[in-house]
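Spelled out from the first residue to the last, the chains are:
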Amino acid sequence: MHKGAQLQVVEGGACDPYAALKAKVETQQITIGVIGLGYVGLPLSIAAVRGGVSVLGFDIAKSRVDMLNQGGSFLKTIGAEAVQGMVDSGRFEATATMARLSEPDILIICVPTPLSRNREPDLTHVRTTAETIAQHLRPGQLVCLESTTYPGTTDEVIRTILERSGLRSGEDFFLAYSPEREDPGNLRFSTGTIPKVVGGQGERATELATAVYSLFIDKVVPASSERVAEAVKLTENIFRSVNIALVNELKVIFGQMGIDVWEVIEAAKTKPFGYMPFYPGPGLGGHCIPVDPFYLTWKAREYGISTRFIELAGEINRAMPAHVAQATADALNRHLARALNGARVLVVGVAYKRDIDDWRESPALDVIRHLRAAQARVDYHDPHIPVLDAEALGGKMQGVAWDLAALAAYDAAVVCTDHSDIDWQALANAVPLVIDTRNALAGVEAARGVVVKA
Ligand SMILES: NC(=O)c1ccc[n+]([C@@H]2O[C@H](COP(=O)([O-])OP(=O)(O)OC[C@H]3O[C@@H](n4cnc5c(N)ncnc54)[C@H](O)[C@@H]3O)[C@@H](O)[C@H]2O)c1
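The sections below set out a description of the structure shown in this document. Quantities reported herein were computed from a predicted structural model and do not represent experimental measurements.

**Notes on unusual backbone geometry**
- One non-glycine residue, Arg119, adopts positive backbone phi at about 60°.
- Along the chain, the position of Arg119 falls in the loop between β4 (106–109) and α5 (124–136).
- The exposure class of Arg119 is partly exposed, given the 13 C-beta atoms found within 10 Å.
- A positive phi angle is found at Glu361, which is not glycine, with a value near 60°.

**A few points about the sheet that holds strand β15 (residues 450–453)**
- Overall, parallel pairing links the five strands, which are arranged β10-β9-β13-β14-β15 in an open sheet. The strands lining the two open edges of the sheet, one partner per strand, are β10 (377–381) and β15. The mean inter-strand angle of the sheet, taken between neighbouring strand axes irrespective of direction, is 20°.
- The pairing of strand β13 (residues 412–415) with strand β14 (residues 433–436) spans three bridges and is parallel. The partner of Ala413 across the bridge, within β14, is Val434.

**With respect to α5**
- Its 13 residues give α5 an end-to-end C-alpha distance of 19 Å, which sits within 8% of 18 Å, the value for a rise of 1.5 Å per residue.
- Among the residues of α5, those classed as buried are Val126, Thr129, Ala130 and Ile133. Taken end-on, α5 shows its buried residues confined to a sector of 100°, consistent with a single buried face. Exposed side of α5, more than 90 degrees from the buried face: Glu131 and Gln135 are the residues found there.
- Close packing links the buried residues of α5 with β1 (31–35), β4, β5 (142–145) and α6 (153–162).

**So, the site of the ligand**
- Looking at the ligand, there are 26 residues lining it, with Gly36, Gly38, Tyr39, Val40 and Ser147 nearest.
- With three residues, the single largest contributor to the shell around the ligand is α5.

**So, the pairing of strand β9 (residues 344–348)**
- Within β9, four of the five residues are buried, which leaves it mostly tucked inside the rest of the structure.
- The pairing of β9 with β10 spans five bridges and is classified as parallel. Paired with Val347 across the strands is Tyr380, a residue of β10.
- Looking at chain direction, β9 and β13 are connected through four bridges and run parallel. Bridging from a neighbouring strand, Leu346 pairs with Ala413 of β13.

**So, the environment of Ala300**
- Along the polypeptide, Ala300 turns up in helix α10 (residues 293–302).
- Here the alpha-carbon distance between Ala300 and Tyr150, two residues 150 residues apart in the chain, equals 9.2 Å.
- Once residues lying within four places of it in the same chain are set aside, the contact partners of Ala300 are Ile305, Ser306 and Thr307.

**Concerning the nonpolar core**
- Counting 77 residues, the largest nonpolar core has Val34, Ile108, Leu142, Val143, Cys144, Ala176 and Ala209 as its most contacted members.
- Among the elements that take part in this core, helix α8 (residues 226–256) stands out by supplying eight residues, more than any other.
- Residues lining this core come from more than one domain, with at least three contributed by each of domain 1 (11–224) and domain 2 (225–454).
- Listed in part, the 46 residues of the second largest apolar core include Ile385, Val414, Leu427 and Ala430.

Reading guide: rules and limits
Residues numbered from 1 in each chain as written. Predicted model: local features only at pLDDT ≥ 70, side-chain atom pairs only at ≥ 80, totals over all residues. Helix = DSSP H or I, 4+ residues; strand = E, 2+ residues; numbered from the N terminus. Buried ≥ 20, exposed ≤ 12 C-beta atoms within 10 Å, placed from the backbone. Pairing = 2+ DSSP bridges. Axes fitted to C-alpha atoms, helices over the stretch in contact; angles between N-to-C directions. Expected span 1.5 Å × (residues − 1). Arc of directions from axis to C-beta. Contact = placed C-beta atoms within 7 Å. Near = placed C-beta within 6 Å. Core = buried A, V, L, I, M, F, W, Y, C linked by C-beta atoms within 7 Å. Domains from an automatic or database assignment.

Rendered as structure tokens:
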């Protein structure tokens, strides 16, 4: 058994890692190690500390570690005061020293799970983290994966790597999966108030993980296994992807028929049962919805099953930026007798959703790419993103300031993100043509020029 283990001695003198950890959780004498202090790991740490638990945060990015220890935040959606409060409590410390992984009783993994270039799961970060944990694992630790992934990862990847230490899941250490439901920028819910699904490898792991999360999360929902919990996360995100694709398809069809899809949705959602509103847009964005469904697609192949719904939804959503560029060309032609070639176009909002500064996988990048390919002269304005440094755009692109006189020089504006602090009335007054992919100008009374929904 490992050196640093503090195990409870049960009847007969044997050390029981389960009983020892259970006793610690029950008396709230635990430290949680959160590995990966980004959009998921940082709010999780804040929630745990607020719940009275001690957190040791791990990140390979030394600059992030230093900033957090000084009470600063690198995420716009998390205020520095929240981090400062965590530091001031004396229950939080960040570190880049992975040898300290043996200190916490619970290790929660929140590292990225992107897709590779050929759209296959890239578990590099998860594997590296598991390999590092394996070097420091001690009996009586609970390891919980939160990164989004396909069913089977916790067992096939994490357990396999951790058991190379000689310790056994369910006996010496405990393993669980709990999907993250973080929604950056959502002011109605926070980590502590979003119900949390937890599935362990074996009953004891589920029980321990449920007890741990219950210390700082209002409602914990136990699942019968870690595989079920993994499948829950993908189900939620695939549900969104498919429904957004459906409503994007309806937007194109109804648009051709002269019917406003947003008006249709407003009316449809008055049905008190059997309908849930989803809204169209310039395509799918963020690092979850466009990415996660393809984790299941990849895994399903192992079972000889093709995921046709998921693929089709991806196809429709990915076609939206080209649809928006085409709608811009058509509107310039029809309303201003201008070609897109040579036109000055301002893309308004490049974040993947409202009021955040995250442009990862944002469809606005593709809209810009399509407009540029048609020889339009494209600028962008986003109050939250002064510079875009995107490979998809061939490098850096500087945003332009919000200047009413300068706005008048554009032939068209394409609204890709409906940030709440943009003055839509002023935009409609200044630019002769606005292509609105978000219904952001719904409240605008009269525009100087033309507003086209696309
Ligand atoms: N952002 C969201 O809203 C959201 C929501 C639900 C689920 N998720 C999932 O949560 C996971 C994490 O996403 P995120 O958005 O927080 O990512 P992020 O990029 O914001 O943060 C990840 C952090 O992990 C660190 N890191 C990478 N490898 C590491 C390692 N080996 N050891 C220690 N630290 C390491 C990085 O430096 C970074 O600070 C992903 O699987 C994602 O799909 C994200």
